[in-house]
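Residue-level listing of the chains:
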Amino acid sequence: MRRAAVVVPIGLTLAGCGGTRQDTPVRDAVEEITSNPPVPVQVPDPAPAPVPDPSLPAWDDVPSGHPEGATNPPSPVLLVTPSGECHKAWVSPFMPPALRQDRVLECPNPDEAVGDCGPRVQCPERAAELLAAWKAEHPG
């Protein structure tokens, strides 16, 4: 606990019969101010950035398999495992928005509508940020 002393002069104005004003200090008050030190912020360990694996295809090198020019093409979704592996899944535009977003997911995940997580790919730059945000929400 920190303590600080602040000296605050207190004065009193007296007016006599002659109408003159005189400032007379009565006393010095000592006020004790106490405060707690700031609480240290717990910062989780940063997630390790996914390590590029040159034996894997790059993100842009994995096609969807959907016929060129066909209607309602699937959207690419980045799935990053908690251990830092990256997968490129293709999701129907008719799936709920939450399933059409990049996310961290244990692959394979039978509860996930994506089913198969898609082929493993080299992690794009956004994978590290995605994984770090996930680790901050899921410490331990």
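Some remarks on the overall build of the protein
And step 1. When helices and strands are counted, the protein shows one helix and six strands.
And step 2. Going from the N terminus to the C terminus, the protein shows its helices and strands as β-β-β-β-β-β-α.
And step 3. A fraction of 57% describes how many contacts in the protein between residues 6 or more apart in sequence connect residues 24 or more apart.
And step 4. Surface exposure of the protein reaches about 10,200 Å², of which carbon and sulfur atoms provide 56%.

Focus: the nonpolar core
And step 1. Counting residues in hydrophobic clusters, the biggest one holds nine residues: Trp 59, Val 62, Leu 78, Val 80, Cys 86, Val 104, Val 121, Ala 127 and Leu 131.
And step 2. Of all the secondary-structure elements, those providing two or more residues to this core are strand S3 (75-80) and helix H1 (126-137).
And step 3. Here Trp 59 is in contact with Pro 76, Val 77, Leu 78, His 87, Lys 88, Val 121, Gln 122, Pro 124 and Arg 126, once residues within four sequence places are set aside.
And step 4. Formed by seven residues, the second largest nonpolar core is a distinct cluster that contains Leu 79, Val 91, Cys 107 and Cys 117.

Rules and cut-offs
- Residues numbered from 1 in each chain as written.
- Predicted model: local features only at pLDDT ≥ 70, side-chain atom pairs only at ≥ 80, totals over all residues.
- Heavy atoms only, no water.
- Helix = DSSP H or I, 4+ residues; strand = E, 2+ residues; numbered from the N terminus.
- Contact = heavy atoms within 4.5 Å.
- Areas by Shrake-Rupley, 256 points an atom, 1.4 Å probe, with all protein chains shown as cover.
- Core = buried A, V, L, I, M, F, W, Y, C linked by side-chain atoms within 4.5 Å.
- Buried < 20%, exposed > 50% of the residue type's maximum accessible area, 1.4 Å probe, protein only.

Function cannot be read off these values alone, since they describe shape.
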